[in-house]
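Geometric and topological summary
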Amino acid sequence: MRRRKLAVALVIALALAPGTLVRTAIPKGPVIDLTVTPLADLPDARQSGGFHRLGAWELNSPRIDFGGYSALLVPGGKTLRAFSDRGNQLTFTAPDQPLGQEVRSTFVWNRGEFSNTLADIEAATRDPVTSDYWLAFENSNAVIRYTIASELGATRAPPEWQGWPENSGAEAMARLPDGAFLVLPERSTTGFLYPSDPTGDVEPVAFEFAVPGGYHPTDMAALPDGRVLVLLRQVVWSVPPFATAIALADPRDLADGDTLDLTLLVELEAILPRENYEALALAGVAKDGTVQLWLMSDDNLSAFQRTLLAKLSWREPDAAHEKAREEP
């Protein structure tokens, strides 16, 4: 999250305001109260661009450090784990599942050599086999690998990340099915494709990427075939002052100097309340190819915004079916 941009966004808001199932290790930390309320202020439309709204909820807690979530993982079928740009980790049962584990919140203290820097977590991804996960930290331009039990694995400040402007670093990161890692910054048009774990001494492919409609990437989820769904955001004249969308991109076979094109699939305001959605995670894929996704918003710890959680499904149109529809 770029704080200068958010400061402008809040000024606008003020001006407009009317008066693979695994056994998931629970991170150490206090049990907290979390209220999950189904949303009532939903758009009439439930479907748009192949996306279908399955559910939407507002999350609240009396804790002063609750909110600001900008990354999301699904470590188990019933469990969600969110990370904030202030270094907090929230683990809870998905609201469409029967109540299970206690809700726990903890600060990500152990960051190795970066423990004395701001814990601005902006992206997360995981290995579905080992359940190791990686966090991208914006202010330190670093990536850290953790075990499923949130134990420190490895740290690195990739040299190619160090030229990014302040508060405009790795905003979207996804581990692809072949073990490669795709990383997109928020305020640069150069992304990186790592052939393996970026905490190792690996040389990435550098590429350019083109985002439609003035959007910027905020998160990303890998599909089983190696393509990615990219969550996008831009500042607009509204309350709250954000517009969000989802695009599709194909990073397979990227080479140095190539351009990664993003194809806009849906503007989320069509099926969800307007908010600062920053987190995207794959919930699962059905046999017919239908993808289920979790989305979570960053409330910027603002009275004008909410922490929203939504579940969507997406079915890519069948090429033959689409061709038949286009024919007279």
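Residues take numbers from 1 onward in each chain, read along the sequence in its written order. The predicted origin of the model limits local features to residues at a pLDDT of at least 70 and limits the giving and counting of side-chain atom pairs to 80 or more, whereas totals for whole chains, interfaces and linings rest on all residues. No hydrogens and no water enter the side-chain calculation; it runs on all heavy atoms of the structure.

1. Let's talk about the sheet that holds strand E6 (residues 88-93)
Whenever strands of a sheet pair, they do so through backbone hydrogen bonds, lying parallel or antiparallel. Paired strands, in this sense, are two strands between which DSSP finds at least two bridges. Secondary structure elements follow DSSP: runs of H or I of four or more residues count as helices, runs of E of two or more count as strands, with numbering from the N terminus. Here we have four strands laid out as an open sheet, ordered E4-E5-E6-E7, and antiparallel in their pairing. Both edges of this open sheet fall to strand E4 (69-76) and strand E7 (104-107), since each of them pairs with a single strand only. Taken pair by pair, the neighbouring strands of this sheet meet at an average axis angle of 20°, ignoring direction. Axis lines are fitted to C-alpha atoms, over the contacting stretch for helices. Their N-to-C directions set the angle, which ranges from 0 to 180 degrees.

2. With respect to the pairing of strand E9 (residues 133-137)
A large share of E9 lies buried, amounting to five of its five residues. Alternating positions in E9 separate into two faces, Tyr133, Leu135 and Phe137 on one and Trp134 and Ala136 on the other, with burial throughout. Across five bridges, strand E8 (residues 121-126) lies against E9 in antiparallel orientation. In the strand pairing of E9, Ala124 is matched with Leu135. Between E8 and E9, which pair antiparallel in sequence order, lie six residues; one of them, Ser131, sits at a positive phi of approximately 65°. For E9 and strand E10 (residues 142-146), the ladder comprises five bridges, and the chain directions are antiparallel. For every residue, the accessible area obtained with a 1.4 Å probe (protein chains only) is divided by the maximum for its type, and the residue is called buried under 20%, exposed over 50%, and partly exposed between those limits.

3. What to know about the packing of aromatic side chains
Only rings of Phe, Tyr and Trp enter the pairing, Trp through its six-membered ring, and a pair is recorded when the two centres are within 6.5 Å. The plane angle decides the type: under 30 degrees is stacked, over 60 is edge-to-face, the rest tilted. Inspection of the entire model under this criterion finds 10 aromatic pairs. Where Trp134 meets Phe181, the ring centres are 4.8 Å apart and the plane angle is 65°; that geometry is what we call edge-to-face. Here Trp134 is found in strand E9, whereas its partner Phe181 is found in strand E13 (residues 181-185), with 47 residues between them in sequence. What makes Trp134 buried here is its relative accessible area of 4%. On the numbers, 6.4 Å between centres and 45° between planes, the contact of Phe192 with Tyr194 is tilted. Just as Phe192 is buried, Tyr194 falls in that class too. Through a chain of ring-to-ring contacts, three or more aromatic side chains come together here, namely Trp161, Trp164, Phe192 and Tyr194.

4. Quick notes on the confidence of the model for the protein chain
Chain-level pLDDT for the protein chain is 87 on average; 88% of the residues reach the 70-or-more range. Each residue carries a pLDDT score, the predictor's confidence in it, ranging from 0 to 100. Residue contacts are counted whenever heavy atoms from the two residues lie within 4.5 Å of one another. The low-confidence segment residues 1-24, where pLDDT is below 50, has 57 contacts with residues more than four positions distant or belonging to other chains. Low pLDDT, under 50, characterises residues 319-328; the predicted model gives this stretch one contact beyond four residues in sequence or across chains.

5. Focus on the nonpolar core
Counting residues in hydrophobic clusters, the biggest one holds 24 residues, and the most contacted among them are Leu182, Leu193, Phe207, Met220, Val228, Leu260 and Leu262. Where this core is concerned, the elements lending two or more residues are strand E12 (170-175), E13, strand E15 (205-210), strand E16 (216-222), strand E17 (228-235), strand E18 (242-249) and strand E19 (259-267). The element best represented in this core is E18, accounting for four residues. Each residue touching Leu260, except ones within four places of it in the same chain, is listed here: Leu182, Phe207, Glu208, Phe209, Ala210, Ala249, Asp250, Pro251 and Leu254. To qualify as a nonpolar core, a set must consist of buried Ala, Val, Leu, Ile, Met, Phe, Trp, Tyr and Cys residues joined through side-chain atoms within 4.5 Å.

6. Focus on unusual backbone geometry
Of all residues except glycine, most have a negative phi; of all peptide bonds, most are trans. At the junction of Val239 and Pro240, the peptide bond is cis and its omega measures out at -10° in the coordinates. Here Pro240 shows up in the loop between E17 and E18. The backbone of Asn141 shows a phi angle near 50°, a positive value even though the residue is not glycine. Relative to the elements of secondary structure, Asn141 occurs in the loop between E9 and E10. Phi is positive for Asn300, close to 55°, though the residue is something other than glycine. Taking the relative accessible area as the measure of exposure, Asn300 reaches 13% and is therefore buried.

7. Comments concerning the sheet that holds E16
Reading across the sheet, the eight strands line up as E12-E13-E14-E15-E19-E18-E17-E16 and stay open at both edges, with mixed pairing between neighbours. Looking along the sheet, the strands with just one partner apiece sit at the ends: E12 and E16. Within this sheet the neighbouring strands show an average axis-to-axis angle of 30°, counted without direction. As paired strands, E18 and E19 are joined by five bridges and run antiparallel to one another. Considered in E19, the bridge of Ile246 is made with Val266.

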